[in-house]
Amino acid sequence: MECVYRVNEFAHGLITKSYFEREGNRPIFDGSVAHIGYNVTELSSGYSLEYEVLTESGEQVAFRRWETDVKLKEKAEIEALEGAIYAVDRCASAECMVDGKPARDIVRRLVLACEKITDEESRKEENQ
């Protein structure tokens with residue numbers, strides 16, 4: 001098992017950068033790629049969310065499961081993905097991928113889908 005440790009870079013007595021490394025000054029994410037898996041399950045009161053962050057070799061770096069009361073599935077997916085991206089950003093600089101696609105592109109697509117749904121609901125209310 002390899003040792004993983006937090007590196008804090010200081011300037012003028014303040015931490016300017018903090019990240020994790022492996023023994024030998026090697027990055028947590030080989031190739032600077034983090035693989036994100038996430039799941040959103042509908043509940044009666046909202047959604048159950050979970051994500052995991054894996055390295056190229058399949059090591060689990062982060063995992064979280066929680067519930068949210070948002071009503072739109074797309075918003076729940078955004079919440080799960082943003083949580084995973086934040087987890088990656090806390091430990092290293094890496095490109096976040098979901099099934100071979102950049103996670104931030106998926107978040108942007110979901111935001112647009114939420115806006116479209118919200119606009120359609122607003123139009124329906126105006127027409128009633």
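Going by the structure above, here's the rest.
Residue indices follow the written sequence of each chain, beginning from 1 at its first position. Reporting in this predicted model follows two pLDDT cut-offs: at least 70 for local features of residues, and 80 or more for side-chain atom pairs to be given and counted; totals over whole chains, interfaces and linings ignore these cut-offs and use all residues. Side-chain metrics in this entry use all non-hydrogen atoms of the structure; hydrogen atoms and water are not considered.

**So, the nonpolar core**
Moving on, step 1. Side-chain atoms within 4.5 Å link the members of a nonpolar core, which is a set of buried Ala, Val, Leu, Ile, Met, Phe, Trp, Tyr and Cys residues. Think of it in three bands: with a 1.4 Å probe and only protein chains considered, a residue is buried below 20% of the maximum accessible area for its type, exposed above 50%, and partly exposed in between. Phe29, Ile36, Val53 and Leu81 are the most contacted members of the largest nonpolar core, which has 30 residues in total.
Moving on, step 2. Contributing elements (two or more residues each) for this core: strand E4 (33-43), strand E5 (46-54), strand E6 (60-68), helix H1 (73-91), strand E7 (95-98) and helix H2 (103-127).
Moving on, step 3. The element best represented in this core is H1, accounting for nine residues.
Moving on, step 4. Contact criterion: two residues are considered in contact whenever any of their non-hydrogen atoms come within 4.5 Å of each other. Those residues in contact with isoleucine 36 that lie beyond four places of it in its chain are Glu52, Val53, Leu81, Ala84, Ile85, Cys96, Met97, Val98 and Ala103. Secondary structure elements are taken from DSSP: a helix is a run of H or I of four residues or more, a strand is a run of E of two residues or more, and numbering for both begins at the N terminus.

**A word on H1**
Moving on, step 1. In this analysis, the expected span of each helix is defined as 1.5 Å times one less than the number of residues it contains. Here H1 spans 28 Å end to end across 19 residues, near enough to the 27 Å set by a 1.5 Å rise per residue.
Moving on, step 2. Listing the buried residues of H1 in full gives Ala76, Glu77, Ile78, Ala80, Leu81, Gly83, Ala84, Ile85, Ala87, Val88 and Cys91.
Moving on, step 3. At its buried positions, H1 is contacted by strand E2 (14-22), E4, E5, E6, E7 and H2.

**Concerning unusual backbone geometry**
Moving on, step 1. Unusually for a residue other than glycine, serine 32 sits at a positive phi of about 55 degrees.
Moving on, step 2. You can see serine 32 is positioned in the loop between strand E3 (26-27) and E4.
Moving on, step 3. By relative accessible area, which is 37% here, serine 32 ends up partly exposed.
Moving on, step 4. Unlike most non-glycine residues, aspartate 99 shows phi in positive territory, near 50 degrees.
Moving on, step 5. Within the secondary structure, aspartate 99 is located in the loop between E7 and strand E8 (101-102).

**Brief notes about the packing of aromatic side chains**
Any aromatic ring pair is given by two values, namely how distant the centres are and how the planes are angled relative to each other.
Moving on, step 1. Pairing of aromatic side chains here covers Phe, Tyr and the six-membered ring of Trp, requires ring centres within 6.5 Å, and sorts the geometry by plane angle: under 30 degrees stacked, over 60 edge-to-face, intermediate tilted. All told, the structure shown has one aromatic pair when counted by the stated rule.
Moving on, step 2. Between tyrosine 51 and tryptophan 66, the aromatic rings sit 5.8 Å apart at their centres with planes inclined by 75 degrees, giving edge-to-face as the arrangement. Of this pair, tyrosine 51 sits in strand E5 while tryptophan 66 sits in strand E6, and the two are 15 residues apart along the sequence. Taken individually, tyrosine 51 and tryptophan 66 each receive the classification buried, so the pair is uniform in this respect.

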